[in-house]
Amino acid sequence: MTPKLELRGVAKAFGEKGSPTRVTAVRDLSFTVAAGELVAVVGPSGCGKSTILNMVSGLYGPSEGAVLIDGAEVKGPRSEVGFMLQKDLLLPWRTVIENVEFGLETRKLPKAERRRIARAELRRIRLEEFADSYPYQLSGGMRQRVALARTLAISPELVLLDEPFSALDAQTKLVLQKSFSRTLSESGLSCLLITHDLQEAVIMSDRVVVLSGRPGTVVDTFAVDLPHRDDPLARSTLPATQAYVKRLFDTLHIAEGAA
Amino acid sequence: MTMAIDDTAARPDTAAPRRRASLAALIGLGPRDLALILAVALVAIAAWEFVPPALGVSRYIIPTFSQCLAEFGAMVTRDNLFGHTLHTLGTAVAGFLLGSAFGAACGYALGLSPLAERTLSPYILALQIAPKVAFAPLFIMWFGYTFVPGLLVTMLVVFFPILVNVLQSMKTVDRDLVNLARVYHMSRFAIFRKIELPSSLPNLFAGLRIGSTLAVIGVTVGELVGGNSGLGFLITYGEGQANTAMVFNAIGMLTVIGIALYAVVARLETRVLHWIRRS
Ligand SMILES: Nc1ncnc2c1ncn2[C@@H]1O[C@H](COP(=O)(O)OP(=O)(O)OP(=O)(O)O)[C@@H](O)[C@H]1O
Ligand SMILES: [Mg+2]
């Protein structure tokens, strides 16, 4: 079966060829995300994690190699890809429901249909009664949930998450990890989760890809063979979780030392 | 660690802050502040009324408050004060609207075209530094003693702060928002309309507020230099007659126009930018 997402020998450098300021962000990078799988990518700061996400979302192409979605090379933004960052990127001048509709506006849908979809997404994240509030009236965690609703409203097949919880306080983070996990596994989406948080990588994912320091390349990849992918809190109490986290810690330590 | 995880959401405060904006509320004043402000005004007026005569200052240097009031009445009947005020107000408003419209249009156009911006920015900088009011005599040479020079000077002084503010906002739009729109396949125009334009509104309004105060300066200079109507004309006329009270009154009316323009812009701003959190 073709994987949902495949990176095949990808390298990305920024700046003019031959210029002394040219930076190679990632090199010789290959990994896959199977359909319905949630893959976490961890690695030291600046190793090109966000760069990977931008290439997969089609904002720019790789310098070498290819990014494939459903076996087809990514040439630009694609409508089956959803994208979410650490910043919620809500438009402050729009109400919550109008924000959720944002990604649907380039689809040929009647306005009432857009409204209906957006309302259903808000119901799913239990923020229906905030539909007509403005972002400034919401807490950081609520705003990030609205951002997820906006991401899911376009019914993506692949969701890209770039440290979506790292701006939140510890407790909100746990709440959101749980609600995201439930929502993502309910909808059976393929997902690439970029994170700094090793614990988060283990409790939320099916598989973890570990990158080296810049230029980032895969130094380890392993399946997280634990139950409760839809419930990170339950998973975090399992003793085996700590063993995975330890493995990550060790790998990253070595990887950083080598870089 | 036990935790009430299920996201029970608080109710939104539905009574969205549709605040009533009296001018006082607009600048955030309570009744106490108002009383103090009023007290200062009373003291100032009393000093104005009694100190200059006590020191033997002639009414041709500093007319007292009551003399100014009397002259005000005379100006209304004798000199058509309200006609001149309306003329100035009309020119100021027209110049402000036209100058803002051109300024904003150029700001957005330059923001959309980095090449044009790079090419034109030295000229814009030079023109921005040039004292715009000094163009007034030039406009009179070109357009004669009509309302046109006043209008043009007003447009010119209003144009730049708005252009610069809008351009600045276009250059500092959140790249991640633009990328998000691109991931959603939005066209260049849709990105402008849905992201860049609304993002620029706070800056635009900052420019409009500056512009509204400058508009009064522009129109005054235009009328001072030439023409036979408007409050600026009354100032030169009063000066010629050694009628100091008339000059005082005209300045007072110009200030009133300035405050009114500013208040309208500020009011509009709180309405349009209601989505910004205010402390
Ligand atoms: N548009 C760009 N132009 C030039 N250099 C870039 C650009 N984008 C990223 N880089 C460089 O590529 C490298 C990787 O950046 P990237 O943002 O992908 O790192 P990251 O792994 O996401 O880091 P963090 O964990 O801190 O978010 C960095 O050295 C960065 O300076
Ligand atoms: Mg990053």
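Everything numeric here is computed off the predicted structure, so don't read it as measured data. (Residues numbered from 1 in each chain as written. Chains lettered and ligands numbered in written order. Predicted model: local features only at pLDDT ≥ 70, side-chain atom pairs only at ≥ 80, totals over all residues. Heavy atoms only, no water.)

A word on the interface of chain B and chain A
- At the junction of the two partners, chain B supplies 29 residues and chain A supplies 37 residues.
- Where chain B touches chain A, the interface holds 3 salt bridges.
- A salt bridge links A:Lys87 to B:Asp176; its shortest N-O distance comes to 2.9 Å.
- Taken together, the elements giving at least two residues each to the side of chain B that touches chain A come down to helix H8 (175-183) and helix H9 (188-225) of chain B.
- Among the elements that make up the side of chain B that touches chain A, the one with the highest residue count is H8(B) (7 residues).
- Counted by class, the side of chain B that touches chain A contains 16 nonpolar, 4 polar and 9 charged residues. (Contact = heavy atoms within 4.5 Å. Salt bridge = Lys/Arg side-chain N within 4 Å of Asp/Glu carboxyl O. Helix = DSSP H or I, 4+ residues; strand = E, 2+ residues; numbered from the N terminus. Nonpolar A, V, L, I, M, F, W, Y, C, P; charged D, E, K, R; others polar.)

Describing the site of ligand 1
Residues and elements named next belong to chain A.
- Taken together, 13 residues lie near ligand 1, and Ser-45, Lys-49, Ser-50, Thr-51 and Arg-214 sit nearest.
- Note that an oxygen atom of ligand 1 is positioned 3.1 Å from one of the side-chain N or O atoms of His-196.
- For the shell around ligand 1, the secondary structure elements donating two or more residues are strand S2 (23-33) and helix H1 (49-56).
- With 3 residues, the single largest contributor to the shell around ligand 1 is H1.
- For the shell around ligand 1, the per-class residue count stands at 4 nonpolar, 6 polar and 3 charged. (Near = heavy atom within 4 Å. Polar contact = N/O pair within 3.5 Å; in protein donor to acceptor, adjacent residues only side chain to side chain.)

Let's talk about a nonpolar patch on the surface
Residue and element names in this part refer to chain B.
- A surface patch of nonpolar side chains, amounting to about 230 Å² of accessible area, comprises Leu-29, Leu-34 and Ile-37.
- Structurally, Leu-34 can be placed in helix H2 (residues 31-54).
- Accessibility expressed as a relative area gives 40% for Leu-34, which makes it partly exposed. (Patch = residues over 30% accessible without salt bridge, like charges linked within 9 Å, V, L, I, M, F, W, Y side chains within 5 Å. Areas by Shrake-Rupley, 256 points an atom, 1.4 Å probe, with all protein chains shown as cover. Buried < 20%, exposed > 50% of the residue type's maximum accessible area, 1.4 Å probe, protein only.)

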